[in-house]
Amino acid sequence: MASEANLTAMDGPARRLSGVQAAIAKAARHAGRNPQDVTLIAVSKTHGAEMIRPVIAAGQRHFGENRVQEAQAKWPALKAQAPDVVLHLIGALQSNKAEDAVRLFDVIHALDREKLAAALSAAIKKLGRTPQLFVQVNTGEEPQKAGIAPNEAVAFVTSCREVHGLSISGLMCIPPEDEEPAMHFALLAKLAGQAGVAGLSMGMSGDFETAIALGATHVRVGTAIFGARGKVAER
Ligand SMILES: *Cc1c(COP(=O)(O)O)cnc(C)c1O
């Protein structure tokens, strides 16, 4: 019964997904890396279930959202259909939403301050659920952007471990829009080495190949899979 227009709309993101998967595999092989070592997070923020379902049907399992409330509205129903979906929180997290985030998300990429580390630690103990945690680093030292300063990142990872009892999986960054991303990815990789963490969450639609060349283990790709988002939703 699906109209032709419906079929085309449903085919779009799934087809673009396979293009992104191929580009990831190519970039990984080019860097002498195993494509399996790069996890693609399909960033579905602002997009509705009708856009997300075909991507799940195509086999994609890692998804990223940047707002707790939006994810709470969308994902319980989608997860009921695909219980093995791995949900990533890639946006800023307020300490008072730490419990909600620990309840819903499997990976949290935006740990960047002591207060949030304490709140996540308490939520993890209370709920008995342990999401993987990435520390966000503000590699461009932009005042408007979240993330810990690069020169405080290693000490913060140590504090997360020793003061808050948290296990840290990796580091995450969002390079400044008007700068060459490669130097930011290289800085993040260097800091991860110093902090003794293996995960590198870096690279988006415009620069994931560069990120993979510099060691990304997690790339966060929205537009190249789901198409453009509404302007209002850009944060
Ligand atoms: C929206 C977003 C992405 C995806 O960006 P695209 O350019 O659409 O691929 C990646 N990471 C974070 C933190 C985001 O907020």
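One can find the structure itself at the top, above this paragraph.
Below, the structure is looked at part by part. (Residues numbered from 1 in each chain as written. Predicted model: local features only at pLDDT ≥ 70, side-chain atom pairs only at ≥ 80, totals over all residues. Heavy atoms only, no water.)

Here we come to the site of the ligand. Around the ligand, the neighbouring residues are V43, K45, I90, M172, I174, M204, S205, R220, V221, G222, T223 and R229. Measuring from a nitrogen atom of the ligand, one finds a side-chain N or O atom of R220 at 2.9 Å. In isolation the ligand offers 390 Å² of accessible surface; the protein chains occlude 90% of this area. Considering only residue class, the shell around the ligand consists of 6 nonpolar, 3 polar and 3 charged. (Near = heavy atom within 4 Å. Polar contact = N/O pair within 3.5 Å; in protein donor to acceptor, adjacent residues only side chain to side chain. Areas by Shrake-Rupley, 256 points an atom, 1.4 Å probe, with all protein chains shown as cover. Nonpolar A, V, L, I, M, F, W, Y, C, P; charged D, E, K, R; others polar.)

Summed over the entire model, instances satisfying the criterion amount to 10 salt bridges. In this structure, the salt-bridge partner of R103 is D100, at a minimum N-O distance of 3.3 Å. Of this pair, R103 and D100 both sit in helix α4 (residues 98-104), 3 residues apart, roughly one helical turn. A salt bridge links K145 to E142, with the nearest nitrogen and oxygen atoms 2.8 Å apart. Residue E142 is classed as buried on the basis of its relative accessible area of 14%. In the salt-bridge network here, residues are joined through shared partners; they are E99, D100, R103 and K126. (Salt bridge = Lys/Arg side-chain N within 4 Å of Asp/Glu carboxyl O. Helix = DSSP H or I, 4+ residues; strand = E, 2+ residues; numbered from the N terminus. Buried < 20%, exposed > 50% of the residue type's maximum accessible area, 1.4 Å probe, protein only.)

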